[in-house]
2 protein chains.
Amino acid sequence: MVLTLEKIKTPPKVSDIAYKALKERLLELDMSQLSDEGRLDERVLAKGLGVSRTPLREAINRLVVEGFLKVVPRKGIYVVRKSKQDVIEILLVRAALEGMAARLAAQYVTKTDIKKMKAVFSRFDPLNMDGKYAEYADANIEFHEFILKTSRCGKLIEMANSIFDHMRWIRFRAVAFEGRIKPIHQEHLKIINALEKKDPDLAERRIRSHIEGLAQYIEKEVDFLE
Amino acid sequence: MVLTLEKIKTPPKVSDIAYKALKERLLELDMSQLSDEGRLDERVLAKGLGVSRTPLREAINRLVVEGFLKVVPRKGIYVVRKSKQDVIEILLVRAALEGMAARLAAQYVTKTDIKKMKAVFSRFDPLNMDGKYAEYADANIEFHEFILKTSRCGKLIEMANSIFDHMRWIRFRAVAFEGRIKPIHQEHLKIINALEKKDPDLAERRIRSHIEGLAQYIEKEVDFLE
DNA sequence: ATATTGTATTTGGTATACCAAATACAAGAC
DNA sequence: GTCTTGTATTTGGTATACCAAATACAATAT
């Protein structure tokens, strides 16, 4: 052998592409204004994506398992609507998962990690956050992903990511942030503090109440979820 | 209309039957002795179940999403083997979910509930448990399902059940019980006690350490997981 | 005998044909 | 006009045909 070669990437499956495309469209969909009761047409979708029904159905089934779609036999495919109760339950699960993640993270976290996360938030002035919602939303995501990653628990990361998709789907981010961005920021700093102290109980408690606080806010203030 | 009729149940889909049958076979499978490296053959399975490939593939895909099977493009379908690390991670997630469930359960639990659960365990004499492993295993399942149910959180129940399937699959129940059945029983009673006191923090902590204890035991004593 | 290589077979992936249930709708009865 | 009811259409569900990649294997050269 005179040639040094590297493995070439296996060509992607059509069903995978269809899945990603369909999920993307779904996530950017505004549920609150769906025509036809959120009904989808297999054949139309297949035509639209330029694939046959078989791989498309595979994609649909995956989305059904994930809880984004619902198939009613011989009736149709429907976009699943989330009730306020659904959102609360999702947040409770998220609190449970991230709480455990924080516990583990407190065990593994390094000084470098802490420094990095502090840097992410140091760009924000707690007294002047107006107009920085979008920017802070990014930092927020980075923060929560940091905790997950630092937990070093693949299963936890996997399940939390699945939950995140549902969170993204429900477009209350903006409304949930407005007016709450200051306390949220303080909570973030407090959580980092607990991690720095390597206190699992404290870290868990703080991130749990952080997320449960969001749930309580939704419960009280949000009303566009039927 | 002179006849009073009730809705008839919609006929089950072939893919559903295939899914259930396949999953059942999988769960009763002893992974530690798989020929052919746990490879499955689509066409053989289809023939065996008496269905065509299409609904079978749907069933397979569901099992892939659930983490029981893995499909390697143009190679084959394989049974996923769980490493010790996988099991530990699953138990951590379970601890997180059931911990939150216990928290909620402490909030909702009634005196009747407590009485019922105490009755389940009162059949056992802590000093003489020998030969009651199977019986106690049933009580154990009933206990954990009770907490989930009492949490009244559908999402939590759903995700925990998915985890349970994986637990069932890994056949360490007998070995995990032997010699540990007494402390396990004590822990169960302690958890019920915390619920009775309606103390969410205590209930959460106790059930978490209960499950984490199992994880530590597996870590130390179990060695048949590669 | 061993190594190479062309070929048949097997595998999962995809497209398509067909079915039965659900539905829409129009023709006919009143 | 309204109500029935038969029929065409549309839907998701299933079976099957076909493809390309992977593999097994036999024929061949050395």
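Residues numbered from 1 in each chain as written. Chains lettered and ligands numbered in written order. Predicted model: local features only at pLDDT ≥ 70, side-chain atom pairs only at ≥ 80, totals over all residues. Heavy atoms only, no water.

1. So, the overall build of chain A
To keep it simple, the criterion reads: In this description a helix means any DSSP run of H or I spanning at least four residues, a strand means any run of E spanning at least two, and both kinds are numbered starting from the N terminus. Here's how the labels work: a residue is buried when its accessible area is under 20% of the maximum for its type, exposed when over 50%, partly exposed in between, all with a 1.4 Å probe on protein chains only. By definition, residues are in contact when any of their heavy atoms lie within 4.5 Å. Residue exposure ignores everything except the shown protein chains as possible cover, and the areas themselves are Shrake-Rupley values with a 1.4 Å probe. Neither His nor the chain termini are counted; the positive set is Lys and Arg, and the negative set is Asp and Glu. Think of each charge as sitting on NZ of Lys, CZ of Arg, CG of Asp or CD of Glu.
A tally of regular secondary structure across chain A gives ten helices and three strands. Its helices and strands taken in sequence order, chain A reads α-β-α-α-β-β-α-α-α-α-α-α-α from the N to the C terminus. Overall, the C-alpha framework of chain A stretches about 65 × 55 × 30 Å when taken along its three principal axes. Within chain A, the fraction of its 226 residues that count as buried is 47%. Within chain A, contacts between residues at least 6 apart in sequence are counted, and of these 76% link residues at least 24 apart. For chain A, the computed accessible surface area is about 12800 Å², with 53% contributed by carbon and sulfur atoms. Side-chain charges of chain A comprise 41 positive and 34 negative groups, with the mean position of each set lying 4 Å from the other.

2. Topic: the relation of the copies chain A and chain B
Related by rotation about an axis and a shift along that axis, the two copies of the chain form a pair. Put simply, the rule is: Least-squares fitting of one copy onto the other uses the C-alpha atoms of those residues that reach a pLDDT of at least 70 in both copies.
Mapping chain A onto chain B leaves a residual RMSD of 0.1 Å; the transformation is a rotation of 180 degrees accompanied by 0.0 Å of translation along its axis. Considering both components of the superposition, the chain copies are consistent with a two-fold axis. Of every C-alpha in chain A, the one belonging to A:Ala96 sits nearest the axis of rotation, 2.6 Å from it. Mapped onto chain B, 100% of the interface residues of chain A are again interface residues, and the two copies thus contact each other with one and the same surface.

3. Topic: the sheet that holds strand E2 (residues 69–72) of chain A
Residues and elements named next belong to chain A. Stated precisely, the cut-off is as follows: Think of it this way: DSSP has to see at least two bridges between two strands before they count as a pair. Orientation is described by lines fitted to C-alpha atoms, with helices fitted over the stretch in contact, and by angles between N-to-C directions that extend from 0 to 180 degrees.
With antiparallel pairing, three strands are arranged side by side in an open sheet as E1-E3-E2. Every other strand in the sheet has two partners, leaving strand E1 (39–40) and E2 as the edge strands with one partner each. Seen against the sheet, helix H3 (residues 53–66) touches E2 and strand E3 (76–79) and runs at an angle of roughly 110 degrees to E2.

4. Considerations on the protein's contact with DNA strand C
Counted only if it meets this: We define proximity as follows: a residue is near a molecule or strand when any one of its heavy atoms falls within 4 Å of that partner. The definition of a polar contact used here is a pair of N or O atoms within 3.5 Å, where within protein one atom must be able to donate a hydrogen and the other to accept one, and adjacent residues in sequence count solely through side-chain atom pairs.
A:Val14, A:Thr54, A:Lys75, B:Asp41 and B:Arg57 are the nearest of the 21 residues found near DNA strand C. One of the side-chain N or O atoms of A:Arg74 is found 3.3 Å from a sugar or linking oxygen in DNA strand C. Elements that contribute at least two residues to the surface near DNA strand C include exactly helix H1 (14–27) and H3 of chain A together with strand E1 (39–40), helix H2 (42–49), helix H3 (53–65) and strand E3 (76–79) of chain B. Ranked by residues supplied to the surface near DNA strand C, first place goes to H3(A) with three residues.

5. With respect to the protein's contact with DNA strand D
Lining the immediate surroundings of DNA strand D are 22 residues, of which A:Asp41, A:Arg57, B:Val14, B:Thr54 and B:Lys75 lie closest. Looking at DNA strand D alone, sugar and phosphate atoms form 62% of those within 4 Å of the protein. The backbone of A:Leu40 places a nitrogen or oxygen atom 3.5 Å from a phosphate oxygen of DNA strand D. Elements that contribute at least two residues to the surface near DNA strand D include exactly E1, helix H2 (42–49), H3 and E3 of chain A together with helix H1 (14–27) and H3 of chain B.

6. Description of helix H6 (residues 133–151) of chain A
A turn of α-helix holds 3.6 residues, and therefore any two residues three or four places apart point the same way. Residues and elements named next belong to chain A. The cut-off we apply is this: Helix span is expected to be 1.5 Å times the residue number reduced by one.
An ideal rise of 1.5 Å per residue puts 27 Å on 19 residues; H6 measures up with 27 Å between its terminal C-alpha atoms. Every buried residue of H6 is accounted for by Tyr136, Ala137, Ala139, Asn140, Phe143, His144, Phe146, Ile147, Leu148, Thr150 and Ser151. Once H6 ends, the next one or two residues include arginine 152, with phi positive near 60 degrees.

7. Observations regarding the interface of chain A and chain B
Worth spelling out the cut-off: Put simply, buried area is the surface a 1.4 Å probe can reach on two separate parts but cannot reach once they are joined, added for both. Take a side-chain nitrogen of Lys or Arg and a carboxyl oxygen of Asp or Glu: if they are within 4 Å of each other, that pair is a salt bridge. Nonpolar residues are Ala, Val, Leu, Ile, Met, Phe, Trp, Tyr, Cys and Pro. Charged residues are Asp, Glu, Lys and Arg, and all others, Gly as well, are polar.
Chain A puts 26 residues into the contact, and the matching count from chain B is 26 residues. Roughly 2400 Å² of surface becomes buried between chain A and chain B when both sides are summed, with 69% attributable to carbon and sulfur atoms. At the surface where chain A touches chain B, the tally comes to two salt bridges. Two residues, B:Glu58 and A:Arg57, come together in a salt bridge whose shortest N-O distance is 3.3 Å. At the level of elements, H3, helix H4 (84–108), helix H7 (154–169) and helix H10 (200–221) of chain A are the ones that each hand at least two residues to the side of chain A that touches chain B. Among the elements that line the side of chain A that touches chain B, the one with the most residues is H4(A), at ten residues. Classifying every residue of the side of chain A that touches chain B gives 13 nonpolar, two polar and eleven charged.

8. Observations concerning the packing of H1(B) against H3(B)
All names here are of chain B. Stated formally: Note on angle classes: values under 35 degrees are labelled roughly parallel, values over 145 roughly antiparallel, values of 65 to 115 roughly perpendicular, and the remainder oblique. Here is the rule for handedness: rotate from the far helix to the near one, and if that takes an anticlockwise turn smaller than a right angle the crossing is left-handed, while a clockwise turn gives right-handed.
Remark: H1 packs on H3, axes separated minimally by 8 Å, with the N-to-C direction vectors making an angle of 50 degrees. Here H3 runs oblique to H1, going by the angle between their axes. With respect to the hand of their crossing, H1 and H3 are arranged in right-handed fashion. Facing H1, whose interface residues are Val14, Ser15, Asp16, Ala18, Tyr19, Leu22, Lys23 and Leu26, H3 presents Pro55, Leu56, Glu58, Ala59, Ile60, Arg62 and Leu63. Class assignment of the residues belonging to the contact of H1 with H3 gives a composition of ten nonpolar, one polar and four charged.

9. Section: the environment of B:Pro200
All names here are of chain B. If you trace the backbone, proline 200 turns up in helix H10 (residues 200–221). When the C-alpha atoms of proline 200 and histidine 144 are compared, they prove to be 16 Å apart, with 56 residues separating the residues in sequence. Among residues more than four places away in sequence, those in contact with proline 200 are Arg103 and Ala106.

Remember, this is a structural readout, not a statement about activity or role.
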